[in-house]
Amino acid sequence: MKIGYPCINRKIGCTTNSTFRLGSYSDERMQKAVSGNLACLFDILKWNCSNGFQFFRISSDIVPFASHPVCSYPWEKKFKKQFMEIGSFIKQNNMRISMHPDQFVVINSPSNEIAERSIKELEYHCRVLDLMGLDSSARVQIHVGGMYGDKEKAVLRFVDRYNKLSKSVRKRLAIENDDRLFSLKDCLEISRKTGVPVIFDVLHHRCLNNGETIKDALQLVQKTWKKKDGVPMIDYSSQEKGGRKGKHTEHIDQKDFKKFLDQSKGLDFDIMLEIKDKEKSAKIALLLLHKFACSNYDC
DNA sequence: AGTTGTCAAGCTAGT
DNA sequence: ACTAGCTTGACAACT
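No experiment lies behind these values; they were computed from the predicted model shown. Counting restarts for each chain: residues are numbered from 1 in the order of the written sequence. Numbering of ligands from 1 and lettering of chains from A proceed in the order in which they are written. Side-chain atom pairs in this predicted model are given and counted only at pLDDT of 80 or more, local residue features only at pLDDT of at least 70, and totals for whole chains, interfaces and linings cover all residues. With hydrogens and water stripped out, all remaining heavy atoms of the structure feed into the side-chain values.

A. The arrangement of the sheet that holds strand 1 (residues 3-6) in detail. Read once around its circumference, the closed barrel built from 8 strands follows the order 1-2-3-4-5-6-7-8, with strand pairing classed as parallel. Here the average twist between neighbouring strands, direction ignored, is 30°. Note: strand 2 (residues 55-58) against strand 3 (residues 96-99), 4 bridges, orientation parallel. Each bridged residue has a counterpart across the sheet, and for I58 the counterpart in strand 3 is M99. Sheet strands in contact with helix 4 (residues 112-131) are strand 3, strand 4 (139-143) and strand 5 (173-176), and its direction is about 155° off that of strand 4. In this analysis, strands are considered paired if DSSP registers two or more bridges between them. Numbering of helices and strands runs from the N terminus; a helix is a DSSP stretch of H or I covering at least four residues, while a strand is a stretch of E covering at least two. In this description, a line fitted to the C-alpha atoms serves as the axis of each element, helices being fitted only across the stretch in contact, and the angle between N-to-C directions of two axes falls anywhere from 0 to 180 degrees. Note on definitions: a residue-residue contact is assigned when non-hydrogen atoms from the two residues lie within 4.5 Å.

Structural data, given as structure tokens:
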């Protein structure tokens, strides 16, 4: 079981999200942004390694405008070596990587243009992981998409578009249950039709579910991950007290996390902690996991 | 130097 | 019809 946090490390003080305005695009800006972002990514991964975090989500902003028509800069070629070095480090240290394109990626959109842009964005994400030489256990996770007033049709459109994706995207894609539209049950149905692995999001499941317990849910998603896909990835967060339903907590709720570990006892998966203070809470989670393991198994 | 409005992209729910 | 929120930082124009 690996534990990680997404995209940002607040402690070491560099960013992998450096970008610029579309209007000020130039190859020089691209070169500068990507080179800084990759250097920071490497720093974070090294820091993670010495702090026990073997799971990390790489930011979608690592190469700004990568899938935009304005991008004429041959970033793949220019940074091939850096990507390879980072990838080697990841593999040597047995680390797990995910990426999570944001809300603009909607492959089931009724608009072909939106779907096409989304697919380009997915290809960019997969390209990053390919350049690092990572196998198909490194995943790109998305939500199912919009509903457009007809869930059944929306699901059919997802399946149809999924089947037309390139092999390199299909080998990395994973879908995640969301908090308003597509529940775990919906994702499992799509997985049956396509073979796409399902990432279980604990907080979303609390907002939208069909009565499955945590243990039920984990056992169900486990079946959607084949050996070459690696162990299931899980998104964990808890509800911000007093915040809107589904709002991620600022800091880890230790009691809730312990409860989750207890409910999932005996199952193997990697946990992405979607918590605002990032590595700070992840450290606590790591400690709690260790304590939990020692009280239930031999240490 | 510090502050603040704005940024490529979509969708839903609430006013 | 319009906009906040997702989730949130960082750029860039302005004091």
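B. Just helix 1 (residues 27-51), in detail. Between its terminal C-alpha atoms helix 1 stretches 36 Å, which fits the 36 Å expected from 25 residues at 1.5 Å a residue. Of the positions making up helix 1, those classed as buried are M30, A33, V34, N37, L38, C40, L41, F42, I44, L45, W47 and N48. Phi for G52, located one or two positions after helix 1, is positive at around 85°. A helix's residues, less one, multiplied by 1.5 Å, set its expected span. Think of it in three bands: residues with accessible area under 20% of the maximum for their type are buried, residues over 50% are exposed, and the middle band is partly exposed, with areas taken using a 1.4 Å probe on protein chains only.

C. Quick look at the protein's contact with DNA strand B. Nearness is defined per residue: one heavy atom within 4 Å of the molecule or strand is enough. Every one of the 17 residues lining DNA strand B counts as a neighbour, but L22, H68, F104, M147 and Y148 are closest to it. Near the protein, within 4 Å, the atoms of DNA strand B are sugar or phosphate in 53% of cases. Here a polar contact is recorded for every N or O atom pair within 3.5 Å, except that within protein the pair must consist of a potential hydrogen donor and a potential acceptor, and residues adjacent in sequence are included only if both atoms are side-chain atoms. Take R21: an N or O atom from its side chain is 3.2 Å from a base oxygen of DNA strand B. Here a phosphate oxygen of DNA strand B sits 2.6 Å away from a polar atom, N or O, in the main chain of M147. Each residue gets one label: Ala, Val, Leu, Ile, Met, Phe, Trp, Tyr, Cys and Pro are nonpolar, Asp, Glu, Lys and Arg are charged, and the others, such as Gly, are polar. Of the residues belonging to the surface near DNA strand B, the class tally is 8 nonpolar, 5 polar and 4 charged.

D. Expanded view of the packing of helix 5 (residues 151-164) against helix 7 (residues 184-194). Two elements in contact, helix 5 and helix 7, have axes separated by 10 Å at closest approach and are oriented at 40°. The way helix 5 lies across helix 7 gives a crossing that is right-handed. Between helix 5, through K151, V155, F158, V159 and Y162, and helix 7, the contact on the second element is made entirely by D186, E189, I190, K193 and T194. In the contact of helix 5 with helix 7, the residues fall into 5 nonpolar, 1 polar and 4 charged. A clockwise turn of the near helix away from the far one marks a right-handed crossing, whereas an anticlockwise turn of less than a right angle marks a left-handed crossing.

E. Representation of the pattern of salt bridges within the structure. One side-chain nitrogen of Lys or Arg within 4 Å of one carboxyl oxygen of Asp or Glu is enough to make a salt bridge. For the coordinates displayed, the defined rule picks out 15 salt bridges. As a salt-bridge pair, R206 and D256 come within 3.3 Å of each other at their nearest N and O atoms. Taken as a pair, R206 in helix 8 (residues 202-207) and D256 in helix 10 (residues 254-263) lie far apart in primary sequence, 50 residues in all. By relative accessible area, which is 44% here, R206 ends up partly exposed. Classification of D256 as buried rests on a relative accessible area of 17%.

F. Representation of the protein's contact with DNA strand C within the structure. Around DNA strand C there are 15 residues in total, and T15, T19, S24, R244 and K276 lie nearest to it. When atoms of DNA strand C within 4 Å of the protein are sorted by moiety, sugar and phosphate together comprise 77%. R10 has a polar side-chain atom sitting 3.3 Å from a phosphate oxygen of DNA strand C. Here T15 contributes a side-chain N or O atom positioned 2.5 Å from a phosphate oxygen of DNA strand C. For the surface near DNA strand C, the residue count by class is 2 nonpolar, 7 polar and 6 charged.

G. Examining the state of the cysteines more closely. Count a disulfide wherever a pair of cysteine sulfur atoms falls within 2.5 Å. Applying the stated criterion across every chain, the model contains 1 disulfide. One disulfide in the model links C14 with C40; its S-S distance is 2.0 Å. Sign of the S-S torsion, about 75° for the bond between C14 and C40, identifies this disulfide as right-handed. A residue pair is termed long-range when its members are at least 10 positions apart, and C14 in the loop between strand 1 and helix 1 and C40 in helix 1 qualify at 26 residues. We classify C14 as partly exposed; its relative accessible area is 25%. Assessed through its relative accessible area of 2%, C40 is described here as buried. The thiol sulfur of C71 is not disulfide-bonded, and the nearest other cysteine sulfur, from C126, lies at 17 Å. Looking at the unpaired C207, the closest cysteine sulfur is the one in C187, lying at 14 Å. Residue classification places C207 among the buried positions, given a relative accessible area of 14%.

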